[in-house]
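The lines below spell out each chain.
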Amino acid sequence: MSVPIIRSLDALREMTAGWRSNGETVGVVPTMGALHQGHLSLVRAAREACDRVIVTIFVNPKQFNNPEDLENYPRTEEDDARKLEPFEVDAIYVPDGDTMYPKGFATNVSVEGLTDMLCGAARPGHFDGVATVVTKLFLQTQADQAFFGEKDFQQLQVVTRLAADLDIPITVVGCPTIREEDGLAMSSRNLLLSDRSRIKAPLLAQVMNDVAEALQNGAKMSDVAPNAEARLIAGGFNSVDYLEMRDGADLSILDDAKPKARLFAAAWLAGVRLIDNIAV
Ligand code: PAF
């Protein structure tokens, strides 16, 4: 059965008010569309945990620091709706720009500290855009639980922080990264890779796994990072934004592995920025 597509906030509120008055719990899966198996694993988790499930699709201009990146971001609404049918999602919420940011919109949600490093340093303003739209989606849907992938680990930390700091009564649930058979982390951006780049892309996860193994065996990050970055460049990547080991709890930088350490990477391959993170 096709899933109802809701475009206005009034219609969304009417729908969720009905559910709430029946005592039903609501789960939300915020997305920017171009859905892949990673998103669908979040929908599955929401379906198992909540009575009602809303998937939101909004390509959020505020989180793009590069206009070309925003323009090229894949938009595949019909296909997305079709992919959601087997999950019996209760609504797909697809607000437009004016619904999310009406004329005169002047509020910015900014999470300090956690956003200074990694993608926050490489993409100025990105996490303010994410925090602002996610706060709005939490308040608009009034969901009980929200589902995010660990693939965007820093984003998961940021939204968990903002929900706690702003007393938004929602539980943020992190779900494991889903990978292609060759190890490439699933991402909507993978659609932008040419056939040639797609063959090179799994090198990122391979290099990260090798680095993680060396770190587990006692190597220091500062000793292994230069060679790992050189392998990426030799394998066809154009540049590396970062390759760092950080504490998975507070994202502080680490040189020696310890429990909860994670490896984070972002690298450019023929105009496409790929990110990934794994436990060390
Ligand atoms: O991860 C994403 O797709 C986006 O950053 C999100 C959480 C939907 C906010 O626009």
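Because the structure is predicted, anything quoted here is derived from the model rather than measured.

Moving on, we come to the nonpolar core. Among the nonpolar cores identified, the biggest contains 42 residues, and Y93, F138, F148 and I170 are the most heavily contacted of them. Those elements that place two or more of their residues in this core are helix 1 (9-21), strand 2 (26-31), strand 4 (91-93), helix 7 (126-141), strand 5 (145-149), helix 8 (153-165) and strand 9 (261-269). Beyond its immediate stretch of four places on either side in the chain, I170 contacts V28, F138, A143, D144, Q145, A146 and A163. Judged by nonpolar contacts, the second largest core, of 28 residues, contains A201, L204, M208 and I278.

Neighbouring the ligand are the residues P30, T31, M32, N60, Q63, V133, V134, F148 and Q155. A distance of 2.6 Å is found between an oxygen atom of the ligand and a side-chain nitrogen or oxygen belonging to Q63. Side-chain polar atom of Q155 to an oxygen atom of the ligand: 2.6 Å apart, as the coordinates give it. When isolated, the ligand has an accessible area of 290 Å², and the protein chains bury 89% of it. Looking at the shell around the ligand, the elements that each hand over two or more residues are strand 2 and helix 7. Here the shell around the ligand is built from residues that sort into 5 nonpolar, 4 polar and no charged.

Right, let's get into the sheet that holds strand 7 (residues 239-247). Spatial strand order, 8-7-9-10: 4 strands in an open sheet with antiparallel pairing. On the outer flanks of this sheet lie strand 8 (253-254) and strand 10 (272-279), each paired with one strand and no other. Bridge count for strand 7 against strand 9 is 8 bridges, and the pairing is antiparallel. By the bridge assignment for strand 9, S239 is matched with W268. Helix-sheet contacts for helix 10 (residues 203-216) involve strand 7, strand 9 and strand 10, and the interaxial angle to strand 10 is about 30°.

Further remarks concern helix 8. Structurally, the α-helix is built with 3.6 residues per turn, so residues lying three or four positions apart point the same way. Between its first and last C-alpha, helix 8 extends 18 Å over 13 residues, near the 18 Å set by a 1.5 Å rise per residue. Every buried residue of helix 8 is listed here: F153, Q154, Q155, L156, Q157, V158, V159, L162 and A163. Next to the buried residues of helix 8 lie helix 6 (119-122), helix 7, strand 5, strand 6 (171-175), strand 9 and strand 10. Downstream of helix 8 by a residue or two, D167 has a phi angle that is positive, lying close to 55°.

Next up on the list: the pattern of salt bridges. In total, this model carries 18 salt bridges according to the counting rule given. The closest approach of N and O atoms between R20 and D144, which form a salt bridge, is 3.4 Å. Of this pair, R20 sits in helix 1 while D144 sits in the loop between helix 7 and strand 5, and the two are 124 residues apart along the sequence. Judged by relative accessible area, which is 31%, R20 ranks as partly exposed.

Let's shift gears to the packing of aromatic side chains. Each aromatic ring pair is characterised by the separation of its centres together with the angle its planes make. Overall, the coordinates contain 5 aromatic pairs when judged by the stated rule. Pairing F138 with F148 gives two aromatic rings, centres 6.2 Å apart and planes at 70°, and the pair type is edge-to-face. Linking F138 in helix 7 with F148 in strand 5, this pair joins segments that are 10 residues apart in sequence. Ring geometry for F153 versus F264: centroids 5.7 Å apart, planes at 65°, classification edge-to-face. With a gap of 111 residues between them, F153 in helix 8 and F264 in strand 9 connect regions that are remote in the sequence. With respect to class, F153 is no different from F264; both count as buried. Three or more aromatic residues joined by ring pairs make a cluster, and in this case those are F58, Y101 and F105. Sitting over the ring of Y101, K62 keeps its end group 4.7 Å from the ring centre.

Here is what the cut-offs are and how they apply
Residues numbered from 1 in each chain as written. Predicted model: local features only at pLDDT ≥ 70, side-chain atom pairs only at ≥ 80, totals over all residues. Heavy atoms only, no water. Core = buried A, V, L, I, M, F, W, Y, C linked by side-chain atoms within 4.5 Å. Buried < 20%, exposed > 50% of the residue type's maximum accessible area, 1.4 Å probe, protein only. Helix = DSSP H or I, 4+ residues; strand = E, 2+ residues; numbered from the N terminus. Contact = heavy atoms within 4.5 Å. Near = heavy atom within 4 Å. Polar contact = N/O pair within 3.5 Å; in protein donor to acceptor, adjacent residues only side chain to side chain. Areas by Shrake-Rupley, 256 points an atom, 1.4 Å probe, with all protein chains shown as cover. Nonpolar A, V, L, I, M, F, W, Y, C, P; charged D, E, K, R; others polar. Pairing = 2+ DSSP bridges. Axes fitted to C-alpha atoms, helices over the stretch in contact; angles between N-to-C directions. Expected span 1.5 Å × (residues − 1). Salt bridge = Lys/Arg side-chain N within 4 Å of Asp/Glu carboxyl O. Phe/Tyr/Trp six-rings, centres within 6.5 Å; stacked < 30°, edge-to-face > 60°. Lys NZ or Arg CZ within 6 Å of the ring centre and 35° of its normal.

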